[in-house]
Amino acid sequence: MKKLKFVPFLFVVIFTICGCIVSELETSEDSRYITIMTWNVHNLFDGKDDGYEYNEFLQSSGWSVEKYMGRINSISAAIDRIDVYPDILILQEIESLQVLEDLEFALTRGFAWSHFANNPESAIGVGILSRFPITEAMAHSITVNKDSTPRPVLEARIQTEGGDIIIFACHWKSKIGGDDATESVRKASVRAILRRIRELQKDEPRTGIIVAGDLNENFDEFYRRGSNIVCAIIPDDPHCVKLTNVDKAAQKDYIVINGSKPPAPEHFPQETIVLFSPWVNELVNGSYLFKNNWETIDHFLVSGQFFDDSGLLYESTVIVDIEPFANFEGIPVSYNPRTGNGLSDHLPLLLTLRIKDVDQ
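Basis of the calculations
Residues numbered from 1 in each chain as written. Predicted model: local features only at pLDDT ≥ 70, side-chain atom pairs only at ≥ 80, totals over all residues. Heavy atoms only, no water. Core = buried A, V, L, I, M, F, W, Y, C linked by side-chain atoms within 4.5 Å. Buried < 20%, exposed > 50% of the residue type's maximum accessible area, 1.4 Å probe, protein only. Contact = heavy atoms within 4.5 Å. Helix = DSSP H or I, 4+ residues; strand = E, 2+ residues; numbered from the N terminus. Arc of directions from axis to C-beta. pLDDT = per-residue confidence, 0-100. Salt bridge = Lys/Arg side-chain N within 4 Å of Asp/Glu carboxyl O. Phe/Tyr/Trp six-rings, centres within 6.5 Å; stacked < 30°, edge-to-face > 60°. Lys NZ or Arg CZ within 6 Å of the ring centre and 35° of its normal.

(A) Representation of the nonpolar core in the model. Residues Ile 36, Ile 128 and Ile 210 are the most contacted members of the largest nonpolar core, which totals 70 residues. If we ignore the near neighbours within four places in the chain, the residues touching Ile 210 are Ile 36, Ile 165, Ile 166, Ile 167, Phe 168, Phe 300, Leu 301, Phe 306, Leu 351 and Leu 353.

In structure tokens, the structure reads:
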């Protein structure tokens, strides 16, 4: 695993989606590279009561504007100290667009575009800060058997010098309530993503796609659960081909992953959508520690266009497992609302793309 260093950050409904231009765009220090960061910042609530906060983040529980601003300053200071500074931030568990704007204001290097999305009356949502133009954005939420996904999938088109990128910013349903019982809700999010990927591949076959965020599913979830459940994320494994009965049922609610560059089906039919996961061969341990076991629930899933010698080329992904994001053992330092210490129970991931030289 590569190390980082610090210097001395179905049914589709359009729900709440907000965007704004909040600062002048800064030029990347090395314009040949684009770095994308995904991070579940762990319940980033503002200091006022709106009626949907978790109990520990109510004013009656001692939460305040001062504590909120302390979190904003701690999170922005941590991001600012990353040597490979992100050009695009994909954040989960933020309360509102205002929180996204406050964070942008606290960061020392400007992000010119932002978008936020959540479901009505939900406590938290997902957001994107970008130093490149977000030219289009939409939010997808799905209802299956009267059960809606708790957060929408935020789709954003980002215009870079190497070409457009389509990002699906996600925070899928957690496993609270049981792994199997909640699987259908995670697969509902996949259904919306796969539908859009097929539309994009038909209309824009050269445009690269990245699914990013806290998917609440390990890259090896299939094996962890006994190799007998078709999960929302499954490996390119011959046993999965049998379980999915893919000859009779089209791929609709599961994403197939592998570590090939470019990703292409080895065991599944050629028309199967397969995405590259850096967890397969590049990364070790995990981004989240649950009951003293590492989990790999934070993801970048990357389409084949970033490996086909076009405008943007995949370089690498790393886990930000250093202070202050982690302790000296590389374990996430969770935020404690009583003491104000810590950042998040999740570690960020950083993905780097290289803009292909014109003369190559």
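(B) Structural detail: helix α2 (residues 97-106). Here α2 has its buried residues at Leu 97, Val 99, Leu 100, Leu 103 and Glu 104. The buried residues of α2 occupy an angular sector of 160° when projected down its axis, which confines them to one face.

(C) Examining the confidence of the model for the protein chain more closely. Scored by pLDDT, the protein chain comes out at a mean of 90, with 91% of its residues at no less than 70. Here residues 1-16 is modelled with pLDDT under 50, and outside its nearest four sequence neighbours on either side it reaches 60 contacts, counting other chains as well. Here residues 20-28 is modelled with pLDDT under 50, and outside its nearest four sequence neighbours on either side it reaches 29 contacts, counting other chains as well.

(D) Spotlight on the pattern of salt bridges. Inspection of the entire model under this criterion finds 20 salt bridges. With its nearest N and O atoms 2.6 Å apart, the salt bridge here joins Arg 196 to Glu 199. Linking Arg 196 with Glu 199, this pair stays in helix α3 (residues 179-203), spanning three residues, or about one helical turn. What makes Arg 196 buried here is its relative accessible area of 13%.

(E) Main features of the packing of aromatic side chains. Applying the stated rule across the entire model yields 11 aromatic pairs. When the centroid spacing of 5.4 Å and the interplanar angle of 70° are considered together, the rings of Phe 222 and Tyr 223 count as edge-to-face. With a centroid separation of 5.3 Å and an interplanar angle of 40°, the aromatic rings of Phe 307 and Tyr 314 are classed as tilted. For Tyr 314, a relative accessible area of 8% translates into the label buried. Taken together through their ring pairs, the aromatic side chains of Phe 45, Tyr 54, Phe 57, Trp 63 and Tyr 335 make up a single cluster. In this structure, Arg 71 packs its charged tip against the face of Tyr 335, placed 4.0 Å from the ring centre. Across the ring face of Tyr 85, the terminal group of Arg 109 is positioned such that the distance to the ring centre comes to 4.0 Å.

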